[in-house]
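Here are the chains, one letter per residue:
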Amino acid sequence: MIENQKIRPAQVVGPLGEPLTLESLPPVNTTRWVVRRKAEVVSAVNGGLLTVDEACARYSLTLEEFAGWQRAVDRSGMHGLRVTRIQYYKSLYERQQKY
């Protein structure tokens, strides 16, 4: 059976407007996840450069961890990825949903 093959873009637009390619993504052995690196991985997946499974395997992430990053970007942009501000943005989002 022939698998569905999707044509992947050579580059996508990164979180800061710069072009992202597979080579410009964070290194595979990244252990310190700053906001920019998290946002780059989320942008790569959203743009089709990587699949969710590939990103999780490449960076040793759990699906829940990546989904949390994606949810944070969707709700609050790059600022939502800040570890020190997660609780603030989470409560802000919940308050906005009430009204």
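No experiment lies behind these values; they were computed from the predicted model shown.

(A) Representation of the pattern of salt bridges within the structure. Using the criterion set out here, one finds 2 salt bridges in the structure. When the shortest N-O distance is used, the salt bridge between Glu54 and Arg8 registers 2.6 Å. In this pair, Glu54 sits in helix H2 (residues 52-59) while Arg8 sits in the segment before strand S1 (12-13), placing the two residues 46 residues apart along the sequence. Taking the relative accessible area as the measure of exposure, Glu54 reaches 30% and is therefore partly exposed. Using a relative accessible area of 40% as the deciding quantity, one classes Arg8 as partly exposed.

(B) Seen up close, the environment of Met78. Within the fold, Met78 resides in the loop between helix H3 (63-76) and helix H4 (86-98). Overall, Met78 belongs to the partly exposed group, its relative accessible area being 26%. For Met78 and Pro15, which are 63 residues apart along the polypeptide, the C-alpha to C-alpha distance reads 7.7 Å. Apart from the residues within four sequence positions on either side, Met78 is in contact with Pro15, Leu16, Val35, Arg36 and Ala39.

Definitions and limits used
Residues numbered from 1 in each chain as written. Predicted model: local features only at pLDDT ≥ 70, side-chain atom pairs only at ≥ 80, totals over all residues. Heavy atoms only, no water. Salt bridge = Lys/Arg side-chain N within 4 Å of Asp/Glu carboxyl O. Helix = DSSP H or I, 4+ residues; strand = E, 2+ residues; numbered from the N terminus. Buried < 20%, exposed > 50% of the residue type's maximum accessible area, 1.4 Å probe, protein only. Contact = heavy atoms within 4.5 Å.

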